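Residues per chain are reported as follows:
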Amino acid sequence: MYLTAACSREPYQLGLQKALFLKLKIDFLSTHPYHSNPIIGCHLTNRACASTYMKAGSCNEPLRYFYMYLTEYMNGHVHLEESDMYESDGKLFLTEAFNVIMEEILHKGTDSEEKVCEWKDPDQLRALLDLDLREHGESHKQLLQRVRDVARYSVKTCHPRFFNQLFAGVDYHALTGRLLTETLNTSQYTYEVAPVFVLMEEEVLCKLRSLVGWSEGDGIFCPGGSMSNMYAMNVARYWAFPQVKTQGLWATPRMAIFTSQQGHYSMKKAAAFLGIGTDNVFIVQVDESGSMRPEDLEAKIVQAKSQDAVPFFVNATAGTTVQGAFDPLNRIADISERNGMWMHVDAAWGGSVLFSKKHKHLVAGIERANSVTWNPHKMLLAGLQCSVVLFRDTTNLLMHCHSAKATYLFQQDKFYDTSLDTGDKSIQCGRKVDCLKLWLMWKAIGTHGLSERVEKAFALARYLVEEMEKRDNFKLVCKGPFVNVCFWFIPPSLRRKENSADYQESLSKVAPVIKERMIKRGTMMVGYQPMDGHVNFFRMVVVSPQLTTKDMDFFLDEIEDLGKDL
């Protein structure tokens, strides 16, 4: 809606003024005797022009009132008796923006005939998005276009042919939980502000622990697997050296951490963040499949002790990031127990095999761990972010390690059971609700449905490997036990030239070229990397339940087409 002063025809779209007028005067004008005044629906050019119009006496009371309010606003006066002047516009914008989200992301974004992404170089994208933040707001129409642009130029991770990360696809029940979480906008620290979610988190954590094999224990939702791993390391250090909480590192000996060469980099980040030091992270060798070698773990423990370091924490991995390898948990547990160490299992990626009777043998011995990291936002499709760290401990170590007893939040004389105020277990104050999306998805499809989801991913990965082995231009890095499929594409120019002096160097250039072509074509997205002496190879990850054997066939055909001239 616009206003116009009679002395000018120069249009000035209100934006801010529009919201002011709608909020303050639309209901007044609908009942005022001057509500049919022709100035409604026109343009207001500027303050001087409106003032001239008023002085000329050709203005009615509604416009005079609006002008006085606008003048006061421009002079910095704020009407505290008024509620948010943008509320009605905001609700309309939300409704229309949601329609854009449904159409551009959840309809087109899940259509295999559409692009995974519409690639633009950084300079092009900056210009297209107009990222500059200005003094005054934009119109409803402009803002909706912003929403469309964000949707258009973003990567559609819900696309059936997005294979780039350890998460993909979309579960609509989980997405509903995410939307509900954002709308309610509360913090998961006390029962009084998050009563539903405190009880819900307790139930979900209990169910996850039971799948690990623990009838009792503790746990908390964390902002990602790296933070879950850090929580585990910090609690383990407190368990080994409780004085560290009050006295700091001065009160502890040199500490030693052990993880495999294919373990997640968050182990080193946690060691650095906690002041333990990355030099005190001892890297254990792996076998050809990527699994930790227990005999080398024992050798590294001996090495650490010889350097006057105290072994206190071993990280075993259930589903490594690249090869999808599973460390031998029972043998690692034996070694940990003999050496009095805390055993953590980073099952961020592979923990979901616990839902599958057919495949849970991959994590045999996980119940012997002291703590477990698990990311349901990966294989289960709960949506980012959804990560837990679970503890076998029943002595409230998590609370003792992290609590600060802030009296403005955790008063002990509340009218309800204050043990429900779980926020002091966290190193955060404000903590996002991450349990609802998993709970609602689990409610919708049940444990059986989650099991089927896991087993379908395994079956499709096996199909892909079988089809790959039928084609001469694909070579597996290794046959893994999980849903990671690692391979090289051998282009025509390199076939049967494995013994050439420059073969490895030439092969290393293949994946980056194919990846660039793939991204710019927009048909799919898959990652590549070098690792442990292997030159660049592709890592295909099968996760989304939207996938079929046709998508696996398309993947192989598309790689061949993208690299046929190399």
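Residues numbered from 1 in each chain as written. Predicted model: local features only at pLDDT ≥ 70, side-chain atom pairs only at ≥ 80, totals over all residues. Heavy atoms only, no water.

Named according to an unreviewed UniProt entry, the protein chain is Cysteine sulfinic acid decarboxylase originating from Cyprinus carpio carpio. Within the UniProt record for the protein chain, the comment given under Sequence similarities (unreviewed entry) is "Belongs to the group II decarboxylase family." (UniProt positions renumbered as here; feature names shortened; annotations may be inferred.)

**Q** Before we move on, could you go through the sheet that holds strand E1 (residues 162–163) and cite the residues and values that matter?
**A** The strand order across the open sheet formed by five strands is E1-E11-E12-E10-E9, and the pairing between neighbours is mixed. Of all strands in the sheet, those bounded by a partner on one side alone are E1 and strand E9 (474–476). Where E1 meets strand E11 (residues 525–531), two bridges bridge the pair, whose relative direction is parallel. Considered in E11, the bridge of Phe163 is made with Val526. Docked against the sheet, helix H15 (residues 435–468) engages E9, strand E10 (484–489) and strand E12 (534–541), running at close to 20 degrees with respect to E10. Of the strands in this sheet, E1, E9, E10, E11 and E12 are in contact with helix H18 (residues 549–563), which crosses E10 at around 25 degrees. (Pairing = 2+ DSSP bridges. Helix = DSSP H or I, 4+ residues; strand = E, 2+ residues; numbered from the N terminus. Contact = heavy atoms within 4.5 Å. Axes fitted to C-alpha atoms, helices over the stretch in contact; angles between N-to-C directions.)

**Q** Residue-level account of the environment of Met540, with values.
**A** With respect to the helices, strands and loops of the structure, Met540 is situated in strand E12. Classification of Met540 by relative accessible area gives buried; the value is 0%. It is 9.5 Å that separates the C-alpha atoms of Met540 and Leu166, two residues lying 374 residues apart in sequence. In this structure Met540 touches Phe163, Leu464, Val483, Asn484, Val485, Phe487, Val526, Met552 and Phe555, once residues within four positions along its chain are discounted. (Buried < 20%, exposed > 50% of the residue type's maximum accessible area, 1.4 Å probe, protein only.)

**Q** Explain the pattern of salt bridges residue by residue, including any values.
**A** Side chains carrying opposite charge are able to pair once their charged atoms draw close together. Tallied over the entire structure, the rule returns 31 salt bridges. Taking the shortest distance from any N to any O, the salt bridge between Arg134 and Asp130 comes out at 2.7 Å. Relative accessible area serves as the criterion here: at 27%, Asp130 is assigned to the partly exposed category. For Arg517, the salt bridge is made with Asp565, and the minimal N-O distance between the two is 2.6 Å. Of this pair, Arg517 sits in helix H17 (residues 510–521) while Asp565 sits in the segment after H18, placing them 48 residues apart in sequence. You can call Asp565 exposed: its relative accessible area is 56%. Among the charged side chains, a network of salt bridges with common partners joins Asp130, Asp132, Arg134, Glu138 and Arg146. (Salt bridge = Lys/Arg side-chain N within 4 Å of Asp/Glu carboxyl O.)

**Q** Break down the nonpolar core for me, citing the residues and quoting the values.
**A** If you look at the biggest cluster of nonpolar residues, it comprises 108 residues, and the most contacted ones within it are Phe258, Val345, Met540 and Phe555. The element contributing the most residues to this core is H15, with 14 residues. (Core = buried A, V, L, I, M, F, W, Y, C linked by side-chain atoms within 4.5 Å.)

**Q** I'd like to hear about H15, residue by residue, with values.
**A** Over its 34 residues, H15 runs only 38 Å from end to end, short of the ideal 50 Å by more than 12%, given 1.5 Å per residue. At Gly446, H15 shows its maximal bend, which comes to roughly 90 degrees. (Expected span 1.5 Å × (residues − 1). Bend = angle between axes of the 7 residues up to and from the residue.)

**Q** Help me get a handle on the environment of Ala236, residues and values and all.
**A** Mapped onto the elements of the fold, Ala236 is located in helix H9 (residues 225–240). What Ala236 contacts, discounting residues up to four positions off in sequence, is Phe312, Phe313 and Trp342.

**Q** Could you give an account of the sheet that holds strand E3 (residues 255–260), with specific residues and numbers?
**A** Strand order in this open sheet of seven strands is E2-E8-E7-E6-E5-E3-E4, and the pairing throughout is mixed. Of all strands in the sheet, those bounded by a partner on one side alone are strand E2 (218–222) and strand E4 (281–284). The sheet shows a mean angle of 20 degrees between the axes of neighbouring strands, direction not considered. Both strand E6 (residues 342–347) and strand E7 (residues 371–374) contribute to a ladder of four bridges, which runs parallel. The residue bridging Ala347 from the neighbouring strand is Trp374, located in E7. Helix H12 (residues 294–306) contacts E3, E4 and strand E5 (310–317) of the sheet and is inclined by roughly 155 degrees relative to E4.

**Q** Can you lay out the pairing of strand E8 (residues 387–391) for me, pointing to particular residues and giving the numbers?
**A** Within E8, five of the five residues are buried, leaving the element largely enclosed by the surrounding structure. Because side chains alternate across E8, one face comprises the buried residues Ser387, Val389 and Phe391, and the other comprises Val388 and Leu390, equally buried. As paired strands, E2 and E8 are joined by five bridges and run antiparallel to one another. Opposite Ile220, over in E8, you have Val389 as the bridge partner. Across four bridges, the pairing between E7 and E8 is antiparallel. Across the sheet, Thr373 pairs through a bridge with Val389, a residue of E8.

**Q** Give me the packing of aromatic side chains: which residues, what numbers.
**A** Within the structure shown, the criterion is met by 18 aromatic pairs. For the ring pair Phe458 and Phe482, a centre distance of 5.5 Å and an interplane angle of 55 degrees mean the geometry is tilted. Taken together, the residues span a long stretch of sequence, with Phe458 in helix H15 and Phe482 in the loop between E9 and E10 at a distance of 24 residues. By the burial criterion, Phe458 is buried, and Phe482 matches it. Here a set of aromatic residues connected by ring pairs shows up, and it is made of Phe163, Phe474, Phe487, Phe489, Phe538 and Phe555. The aromatic ring of Phe554 is capped on one face by Arg161, whose charged end is 3.7 Å from the ring centroid. (Phe/Tyr/Trp six-rings, centres within 6.5 Å; stacked < 30°, edge-to-face > 60°. Lys NZ or Arg CZ within 6 Å of the ring centre and 35° of its normal.)

**Q** Residue-level account of the UniProt feature "modified residue: N6-(pyridoxal phosphate)lysine" (unreviewed entry) in the protein chain, with values.
**A** If you check UniProt for "modified residue: N6-(pyridoxal phosphate)lysine" (unreviewed entry), the listed places come out as Lys378 in our numbering. Here Lys378 falls in the buried class, since its relative accessible area comes to 14%. Not counting the four nearest positions on each side in its chain, Lys378 is found in contact with Leu166, Phe167, Ala348, Trp349 and Val543.

**Q** So what about a nonpolar patch on the surface? Which residues, and what values?
**A** A cluster of nonpolar side chains, namely Phe98, Ile101, Met102 and Leu179, defines an oily patch on the protein surface of about 320 Å² accessible area. With three residues, helix H4 (residues 87–107) is the single largest residue contributor to the nonpolar patch. With respect to the element layout, Ile101 can be found in helix H4. The exposure class assigned to Ile101 is partly exposed, which follows from its relative accessible area of 34%. (Patch = residues over 30% accessible without salt bridge, like charges linked within 9 Å, V, L, I, M, F, W, Y side chains within 5 Å. Areas by Shrake-Rupley, 256 points an atom, 1.4 Å probe, with all protein chains shown as cover.)

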